Amino acid sequence: MSLGSRIQAELRGDPVIWMIVALLATFSVVIVYSSTSTLAFQYHRDNIGFFLTKHLVLLGFGLFMTYVCYLMHPMRYSKMAATLFLLAIPLLMYTLALEGQNQGRRWIEIPYVGITFQTSDFARLALIIYLAKALSITEYIRDFNSAFMPIIVPVIIICGLIAPADLSTSALLFFTCMLMMFIGRVEMKYIALLIMCGIVVIATLIILADFEVFDGIIRRDTWIERFRDYNNNEGGYQVQQSMMAIASGGFIGLGPGNSLLRNSLPNPYNDFIFSTICEEYGLFGGMIIISLFLLLLFRVARLVTNSSKGFSAMLALGLTLSMVIQALTNMAVAVNLLPVTGLNLPLVSYGGTSLVFTCISFGIILSVSKNIEKLNLEGSSLMNKK
Amino acid sequence: MAKIINIKNEILIRVYIVGSVLVLFALLIIGQAIRIQVFDGEKWQQMRDALVLEEIPIQAERGNIFAADGSILATALPFFDIRFDPTIVEEEIFEENVDSLARCLASINIEKTEGGWKDYLERGRRGEMQGYKHLKIKNSVDFAELERIKKFPIFNQGNRYASGLIAEERFKREKPFNSLAHRTIGRVDTGRNINIGLEGYFNNELRGESGKRLMYRLAGGDWIPVGDLTQIEPQKGKDIVTTIDINLQDITHHALYDALERQNAAHGTAIVMEVKTGAIRAIANLQQNDRGGYGELFNFGIGWRYEPGSTYKLASIMALLEDGHIELDNLIEIDSGKYQFYEETLVDSGKESFVSDTVSIRRAFEISSNVGMAKLINHFYGKNKRSAERFIQRLQSFYLHLPTGVEIKGEQKPYIKQAYNKEDLWSGTTLPWMAIGYESLMTPLQLLTLYNTVANDGLMMKPHLVSELQLFGEQVKKFPPTVVTRRIASKETIAAAKELLEGVVLRGTAAHLQSNQYRFAGKTGTAQANYHKIRGNEIHHVASFVGYFPAENPVYSCIVVVNDPKVSIYGGDVAGPVFREIADRCFETKTAFYDSMQQQSISNNNHSLLRTKELPDKNIGYRKDFESIISHLGLQHRPPTSEEWTAIVADTDSLNLQRRTVPDKQVPNVVGMGLRDAIYILENRGLEVSVQGAGKIVRQSIIPGTRIRGQQIKIYLG
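A brief report on the enclosed structure follows. These numbers come from a predicted model, not from an experiment. (Residues numbered from 1 in each chain as written. Chains lettered and ligands numbered in written order. Predicted model: local features only at pLDDT ≥ 70, side-chain atom pairs only at ≥ 80, totals over all residues. Heavy atoms only, no water.)

**A word on the sheet that holds strand β22 (residues 521-529) of chain B**
All names here are of chain B. Here six strands make up an open sheet; going across it, the order is β13-β12-β11-β24-β23-β22 and the pairing antiparallel. Edge strands, defined here as strands with exactly one partner in the open sheet, are β13 (294-295) and β22. Two elements, strand β11 (residues 267-274) and strand β24 (residues 556-563), share eight bridges in a ladder whose sense is antiparallel. Along β24, the bridge assignment pairs Met 273 with Ser 557. (Pairing = 2+ DSSP bridges. Helix = DSSP H or I, 4+ residues; strand = E, 2+ residues; numbered from the N terminus.)

Dropping the structure here:
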């Protein structure tokens, strides 16, 4: 058995998606190594590879999780949906109640392991799984009862709990859910209702930010500042750095490891990694990254074409949409199309634990693709028998 | 089945709608990236270059300033400001060594105690203060101390990226001779736009070419050198060799200092110039400071103009001579030193003028008669505009209207009035007052240049302070002495001028300054300043003396100007002694002068050139000792006596040795004797001597003439 067929046998599912995972992961290693080198120089000069090693460990663990999730049957996720969703709510509340690290209250520490993780990553996964299930139960959602309680309220609760500390993740998730509802043929008026509810929640948060109790919980000032920076053409310090990086890269870039702006660019290894990519690999490199994400979107859309409207297709689509929108948002920030969000580039950024959740998402998508392939295979053989 | 397909299709359509929107968005991102690169590319790249890479200048080592003999007048010493980034070193090393480092730091910088240092370092480590990555340890540390500091715990961990120790090098200008010629050496401070003295004038040569090092910006605001990009090495600045003779400068400085202190004067300047070359060998500028002392605060010799007064008469009389109007032996009425020009009365200051009516022009110059000089000029040049113009032209032919071009920025231009010019407020009294050095302004150096030219037989040399530029000890540029003009006046005029200046010292206002060691020539000046009482200031005086020495074969010319002396106002009393001291010290220390000194003492044998005040008076001692001293000095004494003991009495022009009888049987008078002579005499006569005090004997306990019977005698010295 050749290696290729061996891999094919072991890793079923859409080979293109496997390839996308592999390419993004490879790209990630190279770029992270380059963009953390000055950090390494500054803080751990004895061990230039410190950050790379850390990244490799996480990425390795993440890919392992991909494989594990890939092995599970999609319907297992359907069964977990309610549990995960109910677990997410207290986790998010607990996170908000904690004294924040860095900026905002987003992380909690896993006991005994010492690793912190962002609870919104978990909640996002949980909500998408839950929503995929909710949408697949009812064929066509036309009445208030089947729309409001099972769909709108959960979305509003999760997004509302994420929003105070991390508005951009919340908005991303909200938007993903909206698209899922749209694709899942929920009537437009309920989508409009969802939007209305979202606006109400945001307005409430802005008002609540004035109360001392919420001081340091709701990051209203940061939001205002970022919108102000965005409105003034040049986009503020971070975005200016980013545009300098993109401009200095040209079409083919300065070459691996030659980034100049990684030294002044804030977070060149996560939030602004797209700028580093454009600087070192040029517009060409940037376009490859965009293409990989768009390709992912089309491969998953193809799964939907091949499968009937069901839980697994909605799940794969929801996860993919969430990833692709996040990727595009990250890039749009780098080119000053959107205000600074703090969203990283899925699978590429040096992103700590959120990398693992991205890998899990990929694992679920691959699991779905494997399953749909199998169904189609069975379906077609059934057809053939007839 | 159809329904399912419909639903499926509907879903697919919706998926494609969403997909298309996202593709559009992706295209928009690519478009925006292209826009950034293509349309705004240049702008962003420029911004990037300005931000990320910085060409940090590397300061070049500034050149030295040398005295003529190679002594260093100004040099650049490297100093270091020590900073520390406490966040760099590893936790264990920091924790283990912070106590001992604090102890070391307390030993080199007592600003903080050991505990204070420890606290400071730890707070810095925790980032609890402004600029904690750049903690100040100590400023202005020299190289030796830096090497010691590098051996401290933590600091000894390696380079700055390992130990956190940052040594910022800078150069400090040091002047080893402190205040000597301080102002002329000058100072440069680009930050405050200070560019004075030779440092300022030769700044371009001295500063060298600063190098450039391309530096990267690190996150957090640090800079690191870009290794593979070329670096421009700094080029050391050139050294300048000045004409300053450091010994002569020392002499000049202290002679002037003492005189200013004696006179409690406001400020003064003294310049010594080499006659043959125009090289300035010494230039001292002293101004009274707040604490009552004197410091080199302003270059009065070059940057300050004054009305020179009588010293300007040399120019006036040279004009008269050059135009053939007078001969030195012509007689002139000086009207007992008082004369009315229009509504203003001109008064002489010397006593002799009051008792003389008619004197020779030579004599009028020697006694510095204002009336005499003013009348002469007014008589020959005061007729009309044309004649006045001729006088001005004559002064201009002596270069009295031009700056010397000495290498100091801020040399003042002389001010000389144009004939009958309303703007210059020309009036009927202008010409007579110009004749005696008023209504004109010039710097001491400019006036000295005229005297130097006379001393140099009319050959005018440009005054200069710098003889060459060097680099690593090699000459790179020479500034040879520059001739301004071959001859400013006829041979006869120059000869007459020299004769007049010698006469001033021999018989005139500077007669009391003369030395029997050598001859010099010069002119006193006693000028009123601020006689118009401008700005409500008091009228004060400017006393000056300008001349050259030795008279026969001039080596140096020298000017001394003292502004606002309080004890005496006369140039001969205030500035003259400074000149004399400088000249004396030159003769003492400069072998070059011995020859001319020998010649002079022979030629002076017929003259008596003693200064009465300097002669020993009423000294009593052993005759043979006196005789050998007096003859060694080439002095004369009279009458020769055969007595063993003599008293020396100074006469106006010679020494008298008077007989001193020392009886054998009676107590002799020993007052006025030295201790050795007195003890010799008294003990030989059987007296027991006890002594108190030091110096010459001023009192004795037994009256002279008392019979000697082995008494005790006490002598008091004082």
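Now that the structure has been shown, we can carry on.
**Some thoughts on the nonpolar core**
Ranked by internal contacts, the top residues of the largest apolar core, which has 144 residues, are Leu 24, Ile 158, Ile 183, Leu 315, Leu 321, Met 331 and Leu 345 of chain A. No fewer than three residues from each of domain 1 (14-71 + 235-386) and domain 2 (77-218) of chain A sit in this core. (Core = buried A, V, L, I, M, F, W, Y, C linked by side-chain atoms within 4.5 Å. Buried < 20%, exposed > 50% of the residue type's maximum accessible area, 1.4 Å probe, protein only. Domains from an automatic or database assignment.)

**What to know about helix α10 (residues 246-263) of chain B**
Residue and element names in this part refer to chain B. Look at α10: 25 Å from first C-alpha to last across 18 residues, which is about the 26 Å you get at 1.5 Å a residue. For α10, the N-terminal capping position is held by Asp 245, with its side-chain oxygen 3.0 Å away from the main-chain nitrogen of Asn 247. Asn 264, located one to two residues past α10, shows a positive phi value of around 50 degrees. (Expected span 1.5 Å × (residues − 1). Polar contact = N/O pair within 3.5 Å; in protein donor to acceptor, adjacent residues only side chain to side chain.)

**Considering the pattern of salt bridges**
Counted under the stated rule, the structure contains 31 salt bridges over all chains. With its nearest N and O atoms 3.5 Å apart, the salt bridge here joins Glu 147 of chain B to Lys 150 of chain B. On the accessibility criterion, Glu 147 of chain B (28% relative accessible area) is partly exposed. Through salt bridges that share partners, Asp 14, Arg 299 and Arg 302 of chain A make up one connected network. (Salt bridge = Lys/Arg side-chain N within 4 Å of Asp/Glu carboxyl O.)

**Notes on the packing of helix α8 (residues 167-183) of chain A against helix α13 (residues 311-334) of chain A**
Residue and element names in this part refer to chain A. At a closest axis distance of 9 Å, the pairing of α8 and α13 adopts a crossing angle of 140 degrees. Taken together, the axes of α8 and α13 lie oblique to each other. Pair α8 / α13 crosses with right-handed handedness. Within the contact between the two elements, α8 uses Leu 172, Phe 175, Thr 176, Leu 179, Met 180 and Ile 183 and α13 uses Met 314, Leu 317, Gly 318, Leu 321, Ser 322, Ile 325 and Gln 326. Tallied by class, the residues present in the contact of α8 with α13 amount to nine nonpolar, four polar and no charged. (Axes fitted to C-alpha atoms, helices over the stretch in contact; angles between N-to-C directions. Parallel < 35°, antiparallel > 145°, perpendicular 65-115°, else oblique. Left-handed = near helix turned anticlockwise from the far one by under 90°. Contact = heavy atoms within 4.5 Å. Nonpolar A, V, L, I, M, F, W, Y, C, P; charged D, E, K, R; others polar.)

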